[in-house]
Amino acid sequence: MASKSVMTLGVRPLSHSFIGSTPSAIYLGTNSVCVQQVRHRRFPKFVVRPTARRPWHVRKWTEKRDETLDASNEQFVKEVIIDKYANTASSPLKDGPWERHSYLRETRRSGVLALKLGTLLHWKKDGTPFTVTVLQVLDNHVINYVPPEVYATYPSHNPHQGLRFGLQVVGSLSCDPRQFSKPYNNLFLKAGVPPKRWLTRFLVTPDAAIQPGTALDVNHFKVGDYVDTQGRTRDYGFQGVIKRWGMKGMPKSHGTTKSERKMGATGGGGDKDGIWKGKHMPGMMGNYLRTMYGLKICRINTRYNLLYLAGVGVPGLPHTFIRVSDTVLPRKQRTEEQMSQVSMPTSFPEDLVEPLPEEIFTDDVFQFTEPSLQLEAEDS
């Protein structure tokens, strides 16, 4: 095994190019990925856990620091940055929003990036307790929109989708542009907003495209809607079979030595000898993208942009960003009455006839401002 070449082991070469005619291999160094071997799989034969950015992503962070700045100069630079992004003359919204369409059954809207805060206990009006997960929509803006014709040329495009979906890029949490590299800051010139800490993209239909520079808040959804949440699970690193797969382990006594947490035999003999495909073994655990489907929005706080989702299955650790979008489950789709109330493509301030209340609940959730017990006098 050690004498074989890399090509013999089954590593797929990067023969195509991403930028012009320059081979993409020069953008992906040999020491930029950590390769873990996985046996008896068709492709890929290696699970790659990248430790560097993808070759088609721009460099995000910068290490350049101006050591000549003192306290007074630092304050002046901050004021210049604020004045630069406070000037709305370069905003793409100065020409007015794009044409708006009605919500249809096959429409797919953009989502938002929300910060996971934790869980709380709520009660229904009949006294039944249930747990909710609190998400906060922080400083979301639309960064870019890629039409279906252009998205069809991207390497990530699925040919089975055809020209049905475009690409909506959404960013969250504005930061100091001095923290990022110049190529990364240039991504936000079209939207006219400060650089964002987190970026993500959503597949949207052309009738739900949002103009770059538009702000997204919690009013993008309504109370009673069902959403899908996607986040990255906790990274446990390399773990054994007991923690990773819940195996029992070997006996703790009667002559067992240093084998209490081992998995035991890995394969038998005869016609079924060898290690079967999918055998549970030690390996990397966690750090995977997981999606929780069909979570109901039972409460919305319009002041702090909080979403209260019924359930505790939202993936991701607290204080990590979660992708929230309309659910794709067929049985959780909106009714005809709810479809007429959807904000297309998102909620704009001029759409509000009257100010929204600070707290919005579903009909079956108990509000803390209501009396929990009512006593009626008996007729004598």
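The structure this text deals with has already been given above.
Starting afresh in each chain, residues are numbered from 1 along the sequence in its written order. For this predicted model, a pLDDT threshold of at least 70 governs which residues receive local features, and a threshold of 80 or more governs which side-chain atom pairs are given and counted, while totals over whole chains, interfaces and linings are taken from all residues. Only hydrogens and water are removed before side-chain values are computed, so all heavy atoms of the structure are retained for them.

## Topic: the packing of aromatic side chains
Step number 1: The rule is short: rings of Phe, Tyr and Trp, with Trp giving its six-membered ring, pair when the centres are within 6.5 Å, and they are stacked under 30 degrees, edge-to-face over 60, tilted in between. One pass over the structure, following the stated rule, counts 7 aromatic pairs.
Step number 2: Taking the centre distance of 6.1 Å and the plane angle of 70 degrees together, the rings of Trp-98 and Tyr-145 count as edge-to-face. Residue Trp-98 is located in the loop between helix 2 (71-86) and strand 3 (112-123), and its partner Tyr-145 is located in strand 5 (residues 140-146); the two are separated by 47 residues in the primary sequence.
Step number 3: For every residue, the accessible area obtained with a 1.4 Å probe (protein chains only) is divided by the maximum for its type, and the residue is called buried under 20%, exposed over 50%, and partly exposed between those limits. The class for Tyr-145 is buried, based on a relative accessible area of 12%.
Step number 4: The interplanar angle of 75 degrees and the centroid separation of 5.9 Å between the aromatic rings of Tyr-151 and Tyr-154 together place this pair among those described as edge-to-face.
Step number 5: For Tyr-151, a relative accessible area of 3% corresponds to the buried category.
Step number 6: The class for Tyr-154 is partly exposed, based on a relative accessible area of 33%.
Step number 7: An aromatic cluster is present here, built from Trp-61, Phe-180, Tyr-184 and Phe-188 joined pairwise through their rings. Elements are defined by DSSP. Helices are runs of H or I of four residues or more, strands are runs of E of two residues or more, and each kind is numbered from the N terminus.

## A word on the environment of Thr-131
Step number 1: Here Thr-131 shows up in strand 4 (residues 129-137).
Step number 2: The class of Thr-131 is partly exposed, set by a relative accessible area of 29%.
Step number 3: Between the C-alpha atom of Thr-131 and that of Leu-121, which follows or precedes it by 10 residues, the distance is 4.6 Å.
Step number 4: Two residues qualify as a contact provided that any one of their heavy atoms is within 4.5 Å of a heavy atom in the partner residue. With near-sequence residues (within four places) excluded, Thr-131 lies in contact with Thr-119, Leu-120, Leu-121, Leu-309, Ala-310, Gly-311 and Val-312.

## Points about the environment of Asp-217
Step number 1: Considering the arrangement of structural elements, one finds Asp-217 in the loop between strand 8 (215-216) and strand 9 (226-232).
Step number 2: Non-local contacts of Asp-217, meaning those with residues more than four positions away in its chain, are made with Val-112, Val-137, Asn-305 and Ser-347.
Step number 3: Contacts described as polar in this section are N or O atom pairs within 3.5 Å, which, within protein, must combine one atom able to donate a hydrogen with one able to accept it, while residues neighboring in sequence count only if both atoms come from side chains. Of the polar contacts made by the side chain of Asp-217, one reaches the backbone nitrogen of Asn-219; its length is 3.2 Å.

## Regarding the nonpolar core
Step number 1: The biggest cluster of nonpolar side chains holds 23 residues, and the ones touching the most others in it are Leu-135, Phe-221, Val-227, Ile-297, Leu-307, Leu-309 and Val-324.
Step number 2: Looking at this core element by element, the count peaks at 3 residues for strand 12 (residues 289-301). To qualify as a nonpolar core, a set must consist of buried Ala, Val, Leu, Ile, Met, Phe, Trp, Tyr and Cys residues joined through side-chain atoms within 4.5 Å.

## Let's talk about the sheet that holds strand 5
Step number 1: Spatially, the 4 strands line up as an open sheet ordered 7-6-5-8, and their pairing is antiparallel. Only two strands of the sheet have a single neighbouring strand rather than two, namely strand 7 (196-204) and strand 8.
Step number 2: Only strands that DSSP links by at least two bridges are regarded as paired with each other. Sheet topology places strand 6 (residues 166-174) next to strand 7; 8 bridges connect them, and they run antiparallel. Counted as the bridge partner of Val-170 is Thr-200 from strand 7.

## Looking at the pairing of strand 12
Step number 1: Alignment of strand 9 against strand 12, held across 6 bridges, turns out to be antiparallel. Each residue of the ladder has a partner; that of Tyr-226, found in strand 12, is Lys-296.
Step number 2: Relative to strand 13 (residues 306-310), strand 12 runs antiparallel, the two being bridged by 4 bridges. Note that in strand 13 the partner of Arg-299 across the bridge is Tyr-308.
Step number 3: Taken together, strand 12 and the strand that follows it, strand 13, pair antiparallel across an intervening segment of 4 residues, in which Asn-305 is found at a positive phi of about 55 degrees.
Step number 4: With 3 bridges connecting them, strand 12 and strand 15 (residues 359-361) associate as antiparallel partners. In the sheet register, Ile-300 faces strand 15, and the bridge partner there is Ile-360.

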